Amino acid sequence: MSPQDRELVAQLCAARAGLHVDPDKSYLIESRLGSVARREGFGSLEDLMAALRQKREDRLAWGIVEAMAPTESAFFRDRTPFALFREEVLPAVVALRGGEPVRIWSAACAAGQEAYSLAMIVEDERSKLPGLKVELFGSDIGERQLEKAQSGFYTQFEVQRGLPIRLLIRHFERDGEMWAISPRIRQMVRWRRVNLVADLSTAGRFDVIFCRYVISALVEPMRVRLLENLARALAPEGFLFLGQDEDVAGLQGAFQPVGGRPGLYARNPAFRIAA
């Protein structure tokens, strides 16, 4: 690919989804877009980019953006956030909701491991939290990632990444070369395709949002927009989980760090965002 084509890819990703793509990383761009070219029937990446320039086809443009979006995911990634969710956050929001459903959103969850990790925690904590009701949502910008998430099928390599053997035995069944998550856990999650820097006014309010390793993947101007969207979507007493080394710089007033809990923020109910 030419430098001009790589720059076009970077501009497209920034404009459509706020994604930061370094146009100098030619190998990454070419390896990600190779599958798009093959799937769309192009003989080369040059043909793919020529078609993009000539046709400006929306479906093709989004296919390129989705291919460049981060897809790194693992069950119980980093562990600590999930321990905090289990031991502190979930009991707190259940008490606050007073019998009403607790709404949880796993945003940009790629192939679904994070959302299912939360579902397994909820299922395992039911005996400790009588009357627990949860509405759990998982979202990503990539249609193919969501298709995999909804299927609930994972490879041996994927289940070995972070999934304790006791949970594998309890919540999965072997299916040929794959592992299938139990229907009970799979049906706990509702899936949506969501562009996190678009208008999220219809997303509703959530008591807990996991939005990890997203801010760091965005171009600078879109980071504040994402935080504004999350602030609007988070209930006044809600909690936000970010990734390691991510923070709320640019919109500090909307969130308050929970002391001694890196990456965990409480919503500041007094903060108001202009419409």
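Quick note: structure is the one above.
The paragraphs below set out a description of the structure included in this document. (Residues numbered from 1 in each chain as written. Predicted model: local features only at pLDDT ≥ 70, side-chain atom pairs only at ≥ 80, totals over all residues. Heavy atoms only, no water.)

Topic: the overall build of the protein
- Counting secondary structure elements, the protein contains 11 helices and 10 strands.
- Across its three principal axes, the protein shows a C-alpha extent of roughly 60 × 50 × 30 Å.
- For the protein, the proportion of its 275 residues judged to be buried stands at 52%.
- In the protein, 73% of the contacts between residues at least 6 apart in sequence involve partners at least 24 apart. (Helix = DSSP H or I, 4+ residues; strand = E, 2+ residues; numbered from the N terminus. Buried < 20%, exposed > 50% of the residue type's maximum accessible area, 1.4 Å probe, protein only. Contact = heavy atoms within 4.5 Å.)

Overview of the pairing of strand β8 (residues 234–241)
- Of all eight residues that make up β8, six are buried, and the element is covered over most of its length.
- Relative to β8, strand β7 (residues 206–210) is paired through four bridges, and the arrangement is parallel. Within the sheet, the bridge partner assigned to Phe206 lies in β8 and is Leu234.
- Handedness of the crossover joining β7 and β8 through helix α11 (residues 220–233) is recorded here as right-handed.
- Inspection of the sheet shows β8 paired to strand β10 (residues 264–267) by three bridges, in the antiparallel sense. Counted as the bridge partner of Phe239 is Ala266 from β10. (Pairing = 2+ DSSP bridges. Right-handed = clockwise from strand over helix to strand, strands pointing away.)

Comments concerning the nonpolar core
- Ranked by internal contacts, the top residues of the largest apolar core, which has 57 residues, are Leu33, Trp105 and Phe255.
- Breaking this core down by element, the ones donating at least two residues are α1 (3–17), α2 (26–39), α3 (45–55), α4 (58–68), β7, α11 and β8.
- Here Phe255 is in contact with Leu227, Leu230, Ala231, Leu234, Leu240, Val248, Tyr265, Ala266, Arg267 and Asn268, once residues within four sequence places are set aside.
- Counting residues in each nonpolar core, the second largest holds 43 residues, with Val102, Tyr116, Tyr154 and Trp179 among its members. (Core = buried A, V, L, I, M, F, W, Y, C linked by side-chain atoms within 4.5 Å.)

What about unusual backbone geometry?
- Of note in the backbone geometry, Phe76 takes a positive phi value of approximately 50° without being a glycine.
- With relative accessibility at 7%, the residue Phe76 sits in the buried group.

Thoughts on the packing of aromatic side chains
- What the rule picks out here adds up to 10 aromatic pairs.
- Taken together, Phe75, Tyr116, Tyr154, Phe172 and Trp191 form an aromatic cluster joined through their ring pairs.
- The side chain of Arg77 reaches across the aromatic face of Tyr213, ending 4.0 Å from its centre.
- Across the ring face of Phe206, the terminal group of Arg103 is positioned such that the distance to the ring centre comes to 4.5 Å. (Phe/Tyr/Trp six-rings, centres within 6.5 Å; stacked < 30°, edge-to-face > 60°. Lys NZ or Arg CZ within 6 Å of the ring centre and 35° of its normal.)

What about the packing of α3 against α4?
- Running from N to C, α3 and α4 cross one another at 130°; their axes reach a closest spacing of 9 Å. With respect to α4, the axis of α3 lies oblique. For the element pair α3 and α4, the recorded crossing hand is left-handed. Between α3 and α4, the contacting residues are Leu48, Met49, Ala51 and Leu52 on the first element and Leu60, Ala61 and Ile64 on the second. (Axes fitted to C-alpha atoms, helices over the stretch in contact; angles between N-to-C directions. Parallel < 35°, antiparallel > 145°, perpendicular 65-115°, else oblique. Left-handed = near helix turned anticlockwise from the far one by under 90°.)

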